[in-house]
Amino acid sequence: MRLLFFSTKSYEQALFTEQLDSSRHSFTFLEPRLTLETVPLVTEAEAVCVFVNDELNEKVLAELAERGVRLVLLRCAGFNQVDLVAAERLGLQVARVPEYSPHAVAEHTLALMLSLNRRTHRAYLRTREFNFNLAGLMGFDLYGKRVGIVGFGKIGCCVARIMQGLGCDVRVHDPFAAEPAPEGIRFSELAPLLETSDVITLHCPLNPDTHHLIDGAAFAQMKPGVMLINTSRGGLVDAKAAIAALKSGKLGYLGLDVYEEEADLFFQDLSDRVIPDDVFARLMTFPNVLITAHQAFFTREAMARIVSTTLANLDGFERGAVPQENLVTACRRQGS
Ligand code: NAI
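All values reported here derive from a predicted model rather than from experimental measurement.

Caption draft 1: Layout of the UniProt feature "domain: D-isomer specific 2-hydroxyacid dehydrogenase catalytic" (unreviewed entry) in the protein. The positions UniProt marks with the feature "domain: D-isomer specific 2-hydroxyacid dehydrogenase catalytic" (unreviewed entry) are residues 5-325. The span residues 5-325 carries 35% helix and 14% strand; its end-to-end C-alpha distance comes to 22 Å.

See below:
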């Protein structure tokens, strides 16, 4: 089968090349994102393999179908970037990697919390300059603090266990949670969780209901000096409202691995360019903001799983049976 990869980096190309059976598949790796401008690069491919910031809106999907594509392989869990209704109408199958390593994302969430709290990123720079002054580096004990987790799925559960291990008082909000809360963890409505948490961390999917879930009104409900972590999807947080909350001191710490407009920024070296995004540039000026560029998933174990599941989806498609749990259809709403 002829397969075209978009948004690929050298580290992924090597992993896929090792595993892909070149006697059965021909494949090409492209670095650009899939957009309406780059879709003409698709010639003679039956499948495209894409990542989190590729555009799979109605127009792009229609072009793909027109060019003979029948399968869209997502190298990620989230599928907010795909117009699933259009995909179904156009006869395109969409398959994803529903779980590659919730531990990878949960552990990165903890890394952001600890770095922000104990300012290890700032201490590292200081000690390299032989500046051993502690002023400005004071943190707080996480032990005994209330941590509010929004979204109690695979990643949210891992984060809850980690935070319990640190002796935190864990509250979770998830309107669709099927299971009762494990021992020591209590479910909460969103408002009391926002009002009482010292640390709030987001692990729900991005969909029309959760877009800007954390906006000016949500910040107004939070405790002064609260820490907010978002390793889920950028669109969950209204970045302009976050800047206002940082300026007023309401938001004491902000850790982001995702950003709503990240598609034009992340996964590339822009160190010699002018960043045109003033909101992002402003966020970078705060000493209590720590941003990583969508790397929470990026562990050896997660990458191996992404490759194996993507190839299982490809093989399944050829046999006429993509594993049901990996198929994404218009009636499958994220998180429901
Ligand atoms: P999951 O589907 O296992 O869990 C999501 C949970 O959110 C579900 O329990 C669902 O009921 C809940 N939910 C849905 N709407 C909600 C709402 N309005 N309020 C509160 N909870 C709600 O997904 P998983 O694997 O835990 O991933 C969570 C998110 O993490 C994904 O949607 C994806 O966007 C993001 N992610 C980020 C990565 C990164 O590298 N930064 C890597 C992998 C996933």
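Caption draft 2: View of the UniProt feature "domain: D-isomer specific 2-hydroxyacid dehydrogenase NAD-binding" (unreviewed entry) in the protein. Mapped onto the present numbering, the UniProt feature "domain: D-isomer specific 2-hydroxyacid dehydrogenase NAD-binding" (unreviewed entry) falls at residues 110-296. Structurally, residues 110-296 comprises 32% helix and 16% strand, and the distance from its first C-alpha atom to its last is 10 Å.

Caption draft 3: Main features of the pattern of salt bridges. Enumeration over the complete set of coordinates arrives at eleven salt bridges. With a closest N to O distance of 3.5 Å, Arg 33 and Glu 55 form a salt bridge. Highlighted residues: Arg 33 in the loop between strand E2 (26-29) and strand E3 (47-50) and Glu 55 in the loop between E3 and helix H2 (58-66), separated in sequence by 22 residues. Salt bridges linked by common partners bring Arg 24, Asp 315 and Glu 318 together as one network.

Caption draft 4: Spatial organisation of the nonpolar core. The biggest cluster of nonpolar side chains holds 36 residues, and the ones touching the most others in it are Ile 200, Ile 214, Phe 219, Leu 228, Leu 251, Leu 254 and Leu 283. Elements with a minimum of two residues in this core: helix H7 (190-196), strand E9 (199-202), helix H8 (216-221), strand E10 (226-230), helix H9 (239-248), strand E11 (251-256), helix H10 (278-283) and strand E12 (289-291). The leading source of residues in this core is H9, at six residues. Once you skip the residues sitting within four places of it in the chain, Leu 228 turns out to touch Ile 200, Leu 202, Ile 214, Phe 219, Val 237, Leu 251, Tyr 253, Leu 254 and Gly 255.

Caption draft 5: Quick peek at the sheet that holds strand E1 (residues 2-5). Read from one edge to the other, the open sheet built from five strands follows the order E2-E1-E3-E4-E5, with strand pairing classed as parallel. Single-partner strands in this sheet number two, and they are E2 and strand E5 (93-95). For this sheet, the mean inter-axis angle between neighbouring strands, taken without regard to orientation, is 20°. Summarising the sheet, E3 and strand E4 (residues 71-74) pair through four bridges and their orientation is parallel. Bridge pairing in E4 links Ala 47 to Leu 71.

Caption draft 6: Molecular detail of the domain arrangement of the protein. Domain assignment breaks the protein into domain 1 (2-100 + 300-326) and domain 2 (102-291). The partner domain 2 presents nine residues to the eleven residues of domain 1 that form the contact. Of the roughly 920 Å² buried at the junction of domain 1 and domain 2 (both faces included), carbon and sulfur atoms supply 53%. Between domain 1 and domain 2 we count one salt bridge in total. In this structure, the salt-bridge partner of Asp 264 is Arg 33, at a minimum N-O distance of 3.4 Å.

Caption draft 7: Just the side chain of Glu 12, in detail. Examined against the element boundaries, Glu 12 turns out to sit in helix H1 (residues 10-19). Residue Glu 12 is classed as buried on the basis of its relative accessible area, which comes to 6%. Not counting residues up to four positions away in its chain, the partners in contact with Glu 12 are Ser 7, Arg 75 and Met 303.

Caption draft 8: Structural detail: the packing of H1 against helix H11 (residues 300-319). At their nearest, the axes of H1 and H11 sit 10 Å apart, and the two run at 50° to each other. By the angle between their directions, the pair H1 and H11 is classed as oblique. Handedness of the H1/H11 crossing: right-handed. Contacts between H1 and H11 involve Tyr 11, Glu 12, Leu 15, Phe 16 and Gln 19 on the former and, on the latter, Met 303, Val 307, Thr 310 and Leu 311. A breakdown of the residues in the contact of H1 with H11 according to their chemical character gives six nonpolar, two polar and one charged.

Caption draft 9: Looking closely at the packing of aromatic side chains. Taken as a whole and judged by the stated rule, the model has 13 aromatic pairs. Seen in terms of ring centroids, Phe 266 and Phe 280 are 6.1 Å apart; in terms of plane orientation they differ by 70°. Their pairing is edge-to-face. Placement of Phe 266 in the loop between E11 and H10 and of Phe 280 in helix H10 is noted, with a sequence separation of 14 residues between them. With relative accessibility at 7%, the residue Phe 266 sits in the buried group. Grouped by ring-pair contacts, the aromatic residues Tyr 11, Phe 51, Tyr 100, Phe 267, Phe 297 and Phe 298 constitute a single cluster.

Caption draft 10: Seen up close, unusual backbone geometry. Here the phi dihedral of Arg 119 falls at roughly 55°; this positive angle occurs in a residue that is not glycine. Within the secondary structure, Arg 119 is located in the loop between helix H4 (102-118) and helix H5 (120-128). For Arg 119, a relative accessible area of 13% translates into the label buried. For Phe 130, which is not glycine, the phi torsion reads 60° and is therefore positive. Within the fold, Phe 130 resides in the loop between H5 and strand E6 (146-150). By relative accessible area, Phe 130 is classed as exposed at 66%.

Caption draft 11: Seen up close, the environment of His 212. By secondary structure assignment, the location of His 212 is in the loop between E9 and H8. Of the residues examined, His 212 reaches a relative accessible area of 22% and is grouped as partly exposed. For the pair His 212 and Gly 225, spaced 13 residues apart in the sequence, the C-alpha separation amounts to 20 Å. The contact partners of His 212, leaving out residues within four places of it in the chain, are Gly 235, Leu 236, Val 237, Asp 238 and Glu 260.

Criteria and cut-off values
Within every chain, residues take consecutive numbers counted from 1 along the sequence as written. Only residues with pLDDT of at least 70 are given local features in this predicted model, and only at 80 or more are side-chain atom pairs given and counted; all residues enter the totals for whole chains, interfaces and linings. Heavy atoms from the whole structure form the basis of all side-chain values; hydrogens and water molecules are not counted. UniProt positions are given in the numbering used here, feature names are shortened, and annotations may be inferred rather than shown by experiment. We count a stretch as a helix when DSSP gives it H or I for four or more residues in a row; a strand needs E for two or more, and each element gets its number in order from the N terminus. For this document, the term salt bridge refers to a Lys or Arg side-chain nitrogen within 4 Å of an Asp or Glu carboxyl oxygen. Nonpolar core, defined: a set of buried Ala, Val, Leu, Ile, Met, Phe, Trp, Tyr and Cys residues in which side-chain atoms within 4.5 Å join the residues together. The buried label applies to any residue whose accessible area, calculated with a 1.4 Å probe on protein chains only, is under 20% of its type's maximum; exposed applies above 50%, and partly exposed to all values in between. Throughout, a residue-residue contact means that at least one pair of heavy atoms, one from each residue, lies within 4.5 Å. At least two DSSP bridges between two strands are required for those strands to pair. Orientation is described by lines fitted to C-alpha atoms, with helices fitted over the stretch in contact, and by angles between N-to-C directions that extend from 0 to 180 degrees. Where each domain begins and ends is defined by an automated method or by a domain database. When two parts are put together, the accessible area they lose, computed with a 1.4 Å probe and summed over both, is reported as buried area. The labels follow the angle: roughly parallel below 35 degrees, roughly antiparallel above 145, roughly perpendicular from 65 to 115, and oblique for the rest. Helix crossings are classified by the rotation of the near helix relative to the far one: an anticlockwise turn of less than a right angle makes the crossing left-handed, while a clockwise turn makes it right-handed. Residues are grouped as follows: Ala, Val, Leu, Ile, Met, Phe, Trp, Tyr, Cys and Pro are nonpolar; Asp, Glu, Lys and Arg are charged; all remaining types, including Gly, are polar. Think of it this way: a Phe, Tyr or Trp ring, Trp meaning its six-membered ring, pairs with another when their centres are within 6.5 Å, and the plane angle makes it stacked under 30 degrees, edge-to-face over 60, tilted otherwise.

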